[in-house]
Amino acid sequence: MRVVIARCSVDYVGRLTAHLPLATRLLMVKADGSVLIHSDGGSYKPLNWMSPPCSMAQLDPTDDEREEGVVAVWSVQHAKSEDRLHVRIHEIQHDSSHDLGVDPGLVKDGVEAQLQALLAEHIHTLGDGYSMIRREYMTAIGPVDIMCRDSSGATVAVEIKRRGDIDGVEQLTRYLELLNRDPHLAPVTGVFAAQLIKPQARVLAEDRGIRCVTLDYEALKGMDDAEARLF
């Protein structure tokens, strides 16, 4: 991972256009190729980013950019779309690279882990004819919660959350992009499963062809029969 603290401005051009004016920010270039722009606030979410597959080139600034104080330009191009991220660097205050090694992945506990186990046990919750492949299906960027097959035999990747938000959809999208490069698995579709799915996450998921499923934890545990309820 490369970690850079720099005074920079950022422009994102593609499906949407966004501009970050000149300020000091944290720039992260991860081993998977992703580039993230962080401020010193806003918790964990970056101000802007480019997800893999993408490529980054460091360019010399133009004459006009030099006059404005730009010393380097990062041009990040997505491999499957016209989306492009331009980072104009005015001053680098810190630049270091670190080998973090292979991450073992997130060890889940509590209700989320139980949801995963229960859904794997009752995979027909997703639809008639569904069958399990395995839980915690490992990929180069982390484990997919559940890999299964639908009634037609097609591969389905399932991401499970207690509360489904946009970050969960982005996570599943990255898994699907990677899995669909494997000819033995492709085409792989996605299911975003959670006890509660936020409206914005549902819109984003459906726009990307990802099916949303709301999970009933009590029904999955067998303590409650959802079909027998009056409401």
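Given the structure is predicted, the values throughout are model-derived calculations rather than measurements.

Definitions and cut-offs
Residues numbered from 1 in each chain as written. Predicted model: local features only at pLDDT ≥ 70, side-chain atom pairs only at ≥ 80, totals over all residues. Heavy atoms only, no water. Helix = DSSP H or I, 4+ residues; strand = E, 2+ residues; numbered from the N terminus. Buried < 20%, exposed > 50% of the residue type's maximum accessible area, 1.4 Å probe, protein only. Contact = heavy atoms within 4.5 Å. Areas by Shrake-Rupley, 256 points an atom, 1.4 Å probe, with all protein chains shown as cover. Arc of directions from axis to C-beta. Pairing = 2+ DSSP bridges. Axes fitted to C-alpha atoms, helices over the stretch in contact; angles between N-to-C directions. UniProt positions renumbered as here; feature names shortened; annotations may be inferred. Patch = residues over 30% accessible without salt bridge, like charges linked within 9 Å, V, L, I, M, F, W, Y side chains within 5 Å. Salt bridge = Lys/Arg side-chain N within 4 Å of Asp/Glu carboxyl O. Lys, Arg positive; Asp, Glu negative; His and termini not counted. Charge placed at Lys NZ, Arg CZ, Asp CG, Glu CD. Polar contact = N/O pair within 3.5 Å; in protein donor to acceptor, adjacent residues only side chain to side chain.

### Focus on the overall build of the protein chain
Logical step 1: Secondary structure summary: the protein chain contains 5 helices and 12 strands in total.
Logical step 2: Taken over the C-alpha atoms alone, the protein chain extends approximately 70 × 40 × 35 Å along its principal axes.
Logical step 3: For the protein chain, the proportion of its 231 residues judged to be buried stands at 40%.
Logical step 4: Contacts in the protein chain between residues at least 24 apart in sequence constitute 48% of all its contacts with a sequence separation of at least 6.
Logical step 5: As displayed, the protein chain offers around 13,000 Å² of accessible surface, 52% of which is attributable to carbon and sulfur atoms.

### Some remarks on helix 4 (residues 199-207)
Logical step 1: Buried within helix 4 we find A201, L204 and A205. Burial along helix 4 is one-sided: seen end-on, the buried residues are contained in an arc of 100°. Along helix 4, exposed side chains directed more than 90 degrees from the buried face belong to P199, V203 and D207.
Logical step 2: Buried positions along helix 4 lie against strand 10 (155-164), helix 3 (166-179), strand 11 (188-197) and strand 12 (211-214).

### Here we look at the sheet that holds strand 4 (residues 48-50)
Logical step 1: The 7 strands lie next to each other as 4-3-2-1-7-6-5, forming an open sheet whose pairing is antiparallel. Single-partner strands in this sheet number two, and they are strand 4 and strand 5 (54-59). Strand after strand, the sheet turns through a mean of 30° between neighbouring axes, direction not considered.
Logical step 2: One ladder, built from 4 bridges, connects strand 2 (residues 18-29) with strand 3 (residues 35-38); its direction is antiparallel. For M28, the partnering residue across the bridge sits in strand 3 and is L36.

### A closer look at the UniProt feature "domain: Endonuclease NucS N-terminal PH-like" (unreviewed entry) in the protein chain
Logical step 1: The sites that UniProt annotates as "domain: Endonuclease NucS N-terminal PH-like" (unreviewed entry) are residues 2-104.
Logical step 2: The straight-line gap between the two end C-alpha atoms of residues 2-104 is 20 Å; of that span, 5% is helix and 56% is strand.

### What to know about a negative patch on the surface
Logical step 1: There is a patch of like negative charges on the surface, built from D63, D64, E67 and E68.
Logical step 2: As for its position among the elements, D64 is in helix 1 (residues 63-67).

### Section: the environment of R208
Logical step 1: Note on placement: R208 falls in the loop between helix 4 and strand 12.
Logical step 2: Judged by relative accessible area, R208 falls into the partly exposed class, the value being 29%.
Logical step 3: For the pair R208 and D60, spaced 148 residues apart in the sequence, the C-alpha separation amounts to 36 Å.
Logical step 4: A distance of 3.0 Å separates polar atoms of two side chains, one belonging to R208 and the other to T173.

### A look at the sheet that holds strand 10
Pairing between sheet strands relies on hydrogen bonds along the backbone, with the strands arranged either parallel or antiparallel.
Logical step 1: One open sheet holds the 5 strands; their spatial order is 8-9-10-11-12, and the pairing between them is mixed. This sheet does not close on itself; its edge strands, each paired only once, are strand 8 (131-139) and strand 12. Taking each pair of neighbouring strands and ignoring which way they run, the sheet shows an average axis angle of 30°.
Logical step 2: As defined by bridge partners, strand 11 adjoins strand 12 across 4 bridges and the pair is classed as parallel.

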